[in-house]
Amino acid sequence: MMRVALTGGIASGKTTVSDAFSELGVPVADADVLSRQAVQINSPGLKQIAERFGNTILKADGTLDRAKLRSIIFNDEKARSDLEAIVHPEVRRLTNNQISSFEQTGHLYCLIVIPLLVETGQQKRYDHVVVVDVPVDVQLQRLQARDGSTDADAKKILASQASREERLAIADSVIVNSAGIEDITHQVQALHNELTALAKKHS
Ligand code: ATP
């Protein structure tokens, strides 16, 4: 099965685009959802975190106290790298499980949405990278309209992510999301045809 990663900056339209692939029957997984699963209550990931940081990192209901964990790793590089050494392999394991279960369905390719693909250097693990691209001014406008954030806050978030150019540099395919939703449906259909043809060669 061909593994396709889909990435893009905040509010670039990843969900809008991945929903369009889902509607075409493509199996889609979301790295953000898998990251939450990796530390959900009673998970092996959360058990390891409690062993490393102590049970006080858990709330009374047994779930992870994210605010407390954030404050611990904020100024402690060793704590941060220990946390990453626990969480990253767990996310990889869950992603691989998800892809294996997709393989049972007989689809030719699957799509994994990974917002921070460039930032985490994971592109090499995928056969094909799709980037959702928007001009920065459109991105800022959509981000503010959706989240009600100020211009300054929206710019700060963009500055903390990889740049548009860095993402485009690793793209095998680009979906340009600067026009309307109608246009997305057409672009996704065309790319789906291309990916299906590529996946046939891949298998
Ligand atoms: P995040 O990075 O926060 O997960 P995202 O990349 O998944 O966001 P979406 O949630 O799909 O982005 O889109 C961001 C916002 O822009 C949403 O409010 C969405 O409705 C809007 N939007 C997306 N594509 C278009 C478009 N082509 N035309 C108009 N609005 C759009």
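Note on numbering: residues in each chain are counted from 1, in written sequence order. Reporting in this predicted model follows two pLDDT cut-offs: at least 70 for local features of residues, and 80 or more for side-chain atom pairs to be given and counted; totals over whole chains, interfaces and linings ignore these cut-offs and use all residues. Just so you know, side-chain values use all the structure's heavy atoms and leave hydrogens and water out.

Within the protein, the regular secondary structure consists of nine helices and five strands. Scanning the protein from its N terminus toward the C terminus, one meets helices and strands in the order β-α-β-α-α-α-α-β-β-α-α-α-β-α. Its C-alpha atoms give the protein a radius of gyration of 18 Å, near enough to 17 Å, the size a compact globule of 203 residues would have. Principal-axis analysis of the C-alpha atoms gives the protein an extent of 50 × 45 × 30 Å. Put simply, the protein has 203 residues, and 41% of those count as buried. Contacts are assigned to residue pairs with any non-hydrogen atoms lying within 4.5 Å of each other. Sequence-distant contacts in the protein: of pairs separated by 6 or more residues, those separated by 24 or more amount to 72%. With residues, only the protein chains shown are counted as cover, and all accessible areas are computed by Shrake-Rupley using a 1.4 Å probe. Accessible area for the protein stands at about 11100 Å²; split by element, carbon and sulfur atoms hold 51% of it. Segments assigned H or I by DSSP are reported as helices when at least four residues long, segments assigned E as strands when at least two residues long, and all are numbered from the N terminus. Radius of gyration here is computed from C-alpha atoms only, and the compact-globule reference equals 2.2 Å multiplied by the residue count raised to the power 0.38. The buried label applies to any residue whose accessible area, calculated with a 1.4 Å probe on protein chains only, is under 20% of its type's maximum; exposed applies above 50%, and partly exposed to all values in between.

Attention now goes to a nonpolar patch on the surface. Side chains of Leu-168, Val-174 and Val-176 sit close together on the surface and give an oily, nonpolar patch of about 200 Å² of accessible area. When you line up the elements, Val-174 lands in strand S5 (residues 173-176). Look at Val-174 and you get partly exposed, because its relative accessible area is 39%. Like charges within 9 Å and nonpolar side chains (Val, Leu, Ile, Met, Phe, Trp, Tyr) within 5 Å are joined into patches, using only residues over 30% in relative accessible area that form no salt bridge. Salt bridge criterion: a side-chain nitrogen from Lys or Arg within 4 Å of a carboxyl oxygen from Asp or Glu.

Only a single heavy atom is needed: when it lies within 4 Å of a molecule or strand, its residue is near that molecule or strand. Inspection of the region around the ligand gives 14 residues, with Lys-14, Thr-15, Thr-16, Arg-146 and Asn-177 positioned closest. Pairs of N or O atoms are called polar contacts if they sit within 3.5 Å, as long as, within protein, a hydrogen donor faces a hydrogen acceptor (for residues adjacent in sequence, only side-chain-to-side-chain pairs). A distance of 3.2 Å separates an oxygen atom of the ligand from a polar backbone atom of Ser-12. Contacts to the ligand include Thr-15, whose side-chain N or O atom sits 2.6 Å from an oxygen atom. Relative to its unbound accessible surface of 630 Å², the ligand loses 72% to contact with the protein. Looking at the shell around the ligand, the elements that each hand over two or more residues are helix H1 (14-23) and helix H6 (136-147). With three residues, the top contributor of residues to the shell around the ligand is H1. All amino acids are sorted into three groups, where Ala, Val, Leu, Ile, Met, Phe, Trp, Tyr, Cys and Pro are nonpolar, Asp, Glu, Lys and Arg are charged, and the leftover types, Gly among them, are polar. Of the residues belonging to the shell around the ligand, the class tally is four nonpolar, seven polar and three charged.

For the rest of this paragraph, the subject is the domain arrangement of the protein. Split into domains, the protein comes out as domain 1 (1-27 + 108-203) and domain 2 (32-104). Relative to domain 2, the C-alpha centre of domain 1 lies at a distance of 25 Å. Buried surface at the junction of domain 1 and domain 2, summed over both partners, amounts to about 740 Å²; 68% is from carbon and sulfur atoms. There are zero residue pairs in polar contact (both at pLDDT 80 or more) connecting domain 1 and domain 2. Each residue belonging to the side of domain 1 that touches domain 2 can be placed in one class, and the counts come to six nonpolar, no polar and two charged. Note: domain ranges come from an automatic or database domain assignment. Here's the idea: put two parts together, see how much 1.4 Å probe accessible area each one loses, and the total over both is what we call buried area.

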